Amino acid sequence: MAKTIARRGLKARAVRNRLPTGIELMRDPLLNKGTAFSVAERRALGLQGLLPPRVSSQDEQVQRILEHLRGLPNDLEKYVDLNALHDRNEALFFRIVADYPDEIMPLIYTPTVGLACQRFGHIFQRPRGLFISAKDRGHIAAVLRNWPQRDVGIIVVTDGERILGLGDLGANGMGIPVGKLSLYTGCAGVAPERCLPVLLDAGTDNDALRNHPFYIGLKRKRLRGGAYDALVDEFVMAVQEVFPAALIQFEDFANTNAFRLLHKYRDRVCTFNDDIQGTAAVALAGIYSALRITGGSLAGQRILCMGAGEAATGICDLVVSALTDEGLPETEARGRCWLFDSRGLVVASRAGLAEHKLPYAHRHAQVADFVAAVEALQPTAIIGVAAVGGTFTQAVLGAMARINPRPIVFALSNPTAQAECTAEQAYRWSGGRAVFACGSPFDPVTLEGRRFVPRQGNNSYIFPGVGLGAVASGARRITNEMFLAAARALAQQVAKKDLDQGSIYPPLARIREVSAHIAAAVAEVAFERKLAAKPRPRRLLAHIRAQMYQPRYRSYV
Ligand code: NAD
């Protein structure tokens, strides 16, 4: 935005706004409107001749972009095309995200973003966000100051070590924070200029990637131990100095670092880990909705997770928080949650268990087989988060249907090939009785004349609203209580007509309104717990709605 307009004859309002003019204005994605600049704006802002003469409306631009997009041969090309639009015209990009979430979200986030990260070195066009590497040690605050915006509200950071179910993708992982922050704006109206994607490049242990000539990151093995912790710590402290109001969302860190860093920073700075806490809230919301169908109480459930990592233990921890909030003693609450990992049922007698599994390592005989675990524990709900495809077999679903009139079955692993079962299998093998949610998108299923519409238990229902609530209240910390409030707010947004068709989440078309409700619930906790830097507005929900970024053009003259 360097050169501002000062030329005589330009409208006073434009001068007051200190807009750049001419080609500089068109090159600023936060201000650019492309062919939608009006005749008056073109005249006033030095744009005549730089654009074709016909003025389009934003609606016409949306249709033109969509038609072109739909003609592209594959999802990666669509990702690249949408990225290019994001780089040149943010309002138009976010209008399309907000108006066509079912079509666009899978292209800018999961599953396409996984492929984009794998090909990042090849499709890289223009940098977005900050790359902070091990070589920046000692001056990370100065690197943060290079970011052109001062009022950063949300930072999504990854070190690229556990990208989705794809493993270590090093600096190529930048696609994840970029995609997540697009959802913050598209799904919750956090203004794009308040979002900062960060890739913390600590090296990569992915040899093929590191040795590839197009690799964009540091060509070194990953930092470990004290050197790694020092890099993360300098980054976190530098954010406190340069962007003191910013929330830091940790994303796609490997299992051990994810738990360690969350415990280290959650009580010191405004931070959360979406893989652990966001997943937990979306799953708990799903359980609350499912209970409206099955008729039970949360305390009456026995939950068996297939997997015992970030997602599984995050879910169990939040279920325990919900149960203790309802008055159940913590030990009893923990007893409702069970884990099953690659070595079988997680039980107290097993040696060498990782710390995050210990609260759920109950006294029980060893069970190596999942069907046997279902038979032994008689769970009311099974939740798949092990990233191993096909583990909810016909025998598992059959057993669940025998034990429960309405078994709760969540197959949350991503991407689609890793799903524990398909929607069709869940309904068919349970005789149409499963209350089902999935991590990957599945089409509606018709069984014996009944139509089921499975919806995705996707974190994007939760984290945008949590972030918006934090920004709106100026939250100084993100607590478990906030995720509990977020889960309950999400469950309340599920209508009877959703439940009637087997959907335990609201339609994505309502995501901005859903996010506003979640934000209000999160902000309310911040105000009540005196964790908010801002005063509580009288009409909180209305205030939050009014703050949400609208991807519409404003007039410059
Ligand atoms: P993680 O690496 O922390 O945990 C994976 C767990 O699975 C580990 O405990 C591991 O021991 C266990 N496991 C591995 N092989 C197994 C096997 N054969 N049988 C049983 N358990 C086995 O990963 P995570 O962050 O917990 O994510 C797990 C999966 O959940 C991924 O597919 C991820 O995409 C998905 N997920 C989905 C959502 C969503 O919104 N739907 C959110 C978060 C995670």
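Above: the structure in question.
These figures come from a predicted structure and were not determined experimentally.

Points about the overall build of the chain
Within the chain, the regular secondary structure consists of 25 helices and 13 strands. Against the compact-globule benchmark of 24 Å for 557 residues, the chain has a radius of gyration of 24 Å, which places it among compact chains. By the burial criterion, 59% of the 557 residues in the chain qualify as buried. Here the contacts in the chain between residues at least 6 apart in sequence split such that 71% fall between residues at least 24 apart. Per element, the accessible surface of the chain, about 22,300 Å² overall, is 51% carbon and sulfur. Between the mean site of the 68 positive side-chain charges and the mean site of the 52 negative ones, the chain shows a separation of 6 Å.

Thoughts on the sheet that holds strand β8 (residues 344-345)
In spatial order, the strands read β8-β7-β6-β9-β10-β11; together these six strands make up an open sheet with mixed pairing. Where the open sheet ends on each side, the last strands, each with one partner, are β8 and β11 (435-438). The sheet contact formed by strand β10 (residues 408-411) and β11 spans four bridges and is parallel. Directly across from Phe-410, in β11, lies its bridge partner Ala-437. Set on the sheet, helix α15 (residues 274-294) makes contact with β6 (303-306), β9 (381-384), β10 and β11; between it and β10 the angle comes to about 150 degrees. Sitting on the sheet, helix α18 (residues 370-377) is in contact with β6, β7 (337-341), β8 and β9, with an inclination near 170 degrees to β6.

Quick word on the packing of aromatic side chains
Scanning all chains against the criterion turns up 13 aromatic pairs. The ring of Tyr-556 has Lys-33 sitting right over it, with the charged end atom 4.7 Å from the ring centre.

Brief notes about the pairing of strand β4 (residues 247-250)
Judged by which residues are buried, β4 turns out to be covered on both faces: Leu-247 and Gln-249 on one side and Ile-248 and Phe-250 on the other are all buried. Here four bridges tie strand β2 (residues 154-158) to β4, and the two strands are oriented parallel to one another. Residue pairing in the sheet places Ile-155 in a bridge with Ile-248 of β4. Judged from the three bridges that link them, β4 and strand β5 (residues 271-273) form a sheet pairing that is parallel. Residue pairing in the sheet places Ile-248 in a bridge with Thr-271 of β5. Taking the sense of rotation as the criterion, the β-α-β connection linking β4, helix α14 (residues 255-265) and β5 turns out right-handed.

Side note on the side chain of Ser-56
Mapped onto the elements, Ser-56 comes out in the loop between α3 (39-44) and α4 (58-71). Non-local contacts of Ser-56, meaning those with residues more than four positions away in its chain, are made with Thr-35, Ala-36, Gln-61 and Arg-64.

Details of the sheet that holds strand β1 (residues 130-133)
Sheet strands pair via backbone hydrogen bonds, and the direction of the pair is either parallel or antiparallel. Spatially, the five strands line up as an open sheet ordered β1-β3-β2-β4-β5, and their pairing is parallel. In the strand order of this sheet, the two ends are held by β1 and β5, each with one partner. Direction aside, neighbouring strands of the sheet carry axes that sit 25 degrees apart on average. Those strands touched by helix α11 (residues 175-188) are β2, β3 (195-201), β4 and β5, and its axis lies near 165 degrees from that of β3. Strands in contact with α14 are β4 and β5; relative to β5, the strand with the most contacts, it is inclined by about 160 degrees.

What about the site of the ligand?
Taken together, 23 residues are adjacent to the ligand, and Arg-162, Asn-255, Ala-311, Gly-457 and Asn-459 come closest. In the environment of the ligand, a nitrogen atom lies 3.3 Å from a nitrogen or oxygen atom belonging to the backbone of Ser-342. In the model, an oxygen atom of the ligand is placed 2.6 Å from a nitrogen or oxygen of the Asn-459 side chain. Its free accessible area being 860 Å², the ligand has 82% of it covered by the protein chains. Of all the elements in the fold, those that place two or more residues in the shell around the ligand are α16 (310-325) and β7. Of the residues in the shell around the ligand, the class split is nine nonpolar, eleven polar and three charged.

Quick word on unusual backbone geometry
In terms of backbone geometry, most residues other than glycine have negative phi values and most peptide bonds are trans. The residue after Thr-110, namely Pro-111, is reached through a cis peptide bond having omega 5 degrees. Here Pro-111 shows up in the loop between α7 (101-108) and α8 (112-118). Despite not being glycine, Gln-378 has its phi angle at roughly 55 degrees, a positive value. On the accessibility criterion, Gln-378 (39% relative accessible area) is partly exposed. If you check the backbone angles, Lys-530 has positive phi at about 60 degrees while not being a glycine. Position of Lys-530 relative to the elements: it lies in the loop between α24 (511-528) and α25 (540-547).

Here we look at the state of the cysteines
By the definition in use, this model includes zero disulfides. Free of any disulfide, Cys-117 has its nearest cysteine sulfur in Cys-195, 18 Å distant. Not engaged in a disulfide, the cysteine Cys-195 finds its nearest cysteine sulfur in Cys-187; these two sulfurs lie 11 Å apart. Taking the relative accessible area as the measure of exposure, Cys-195 reaches 7% and is therefore buried.

Looking at the packing of α4 against helix α5 (residues 75-88)
At a closest axis distance of 9 Å, the pairing of α4 and α5 adopts a crossing angle of 155 degrees. Between α4 and α5, the crossing angle belongs to the class labelled roughly antiparallel. Crossing of α4 against α5: the hand is right-handed. Here Ile-65, His-68, Leu-69 and Arg-70 of α4 lie close against α5, whose contacting residues are Lys-78, Asp-81, Leu-82, Leu-85 and Arg-88. Among the residues making up the contact of α4 with α5, the classes are represented as four nonpolar, one polar and four charged.

Regarding the pattern of salt bridges
Tallying each qualifying case throughout the model produces 33 salt bridges. Where Lys-221 meets Asp-207, a salt bridge forms, and the shortest distance between an N and an O atom there is 3.7 Å. Linking Lys-221 in the loop between α12 (207-210) and α13 (225-242) with Asp-207 in helix α12, this pair joins segments that are 14 residues apart in sequence.

Some remarks on the environment of Ile-303
For Ile-303, the location among the structural elements is in strand β6. Judged by its relative accessible area of 2%, Ile-303 is buried. Sequence-wise, Ile-303 and Gly-175 are 128 residues apart; in three dimensions their C-alpha atoms are separated by 33 Å. Once you skip the residues sitting within four places of it in the chain, Ile-303 turns out to touch Ile-287, Val-319, Arg-336, Cys-337, Trp-338, Ala-381 and Ile-383.

Overview of the packing of α16 against helix α22 (residues 480-492)
Relative to each other, α16 and α22 sit at 85 degrees, their axes nearing to 10 Å. On the basis of the axis angle, α16 is roughly perpendicular to α22. For the pair formed by α16 and α22, the contact residues are Leu-318, Ser-321, Ala-322 and Asp-325 on the first element and Asn-480, Phe-483, Leu-484 and Arg-488 on the second.

Basis of the calculations
- Residues numbered from 1 in each chain as written.
- Predicted model: local features only at pLDDT ≥ 70, side-chain atom pairs only at ≥ 80, totals over all residues.
- Heavy atoms only, no water.
- Helix = DSSP H or I, 4+ residues; strand = E, 2+ residues; numbered from the N terminus.
- Rg over C-alpha atoms; globule rule 2.2 N^0.38 Å.
- Buried < 20%, exposed > 50% of the residue type's maximum accessible area, 1.4 Å probe, protein only.
- Contact = heavy atoms within 4.5 Å.
- Areas by Shrake-Rupley, 256 points an atom, 1.4 Å probe, with all protein chains shown as cover.
- Lys, Arg positive; Asp, Glu negative; His and termini not counted.
- Charge placed at Lys NZ, Arg CZ, Asp CG, Glu CD.
- Pairing = 2+ DSSP bridges.
- Axes fitted to C-alpha atoms, helices over the stretch in contact; angles between N-to-C directions.
- Phe/Tyr/Trp six-rings, centres within 6.5 Å; stacked < 30°, edge-to-face > 60°.
- Lys NZ or Arg CZ within 6 Å of the ring centre and 35° of its normal.
- Right-handed = clockwise from strand over helix to strand, strands pointing away.
- Near = heavy atom within 4 Å.
- Polar contact = N/O pair within 3.5 Å; in protein donor to acceptor, adjacent residues only side chain to side chain.
- Nonpolar A, V, L, I, M, F, W, Y, C, P; charged D, E, K, R; others polar.
- Disulfide = S-S within 2.5 Å.
- Parallel < 35°, antiparallel > 145°, perpendicular 65-115°, else oblique.
- Left-handed = near helix turned anticlockwise from the far one by under 90°.
- Salt bridge = Lys/Arg side-chain N within 4 Å of Asp/Glu carboxyl O.

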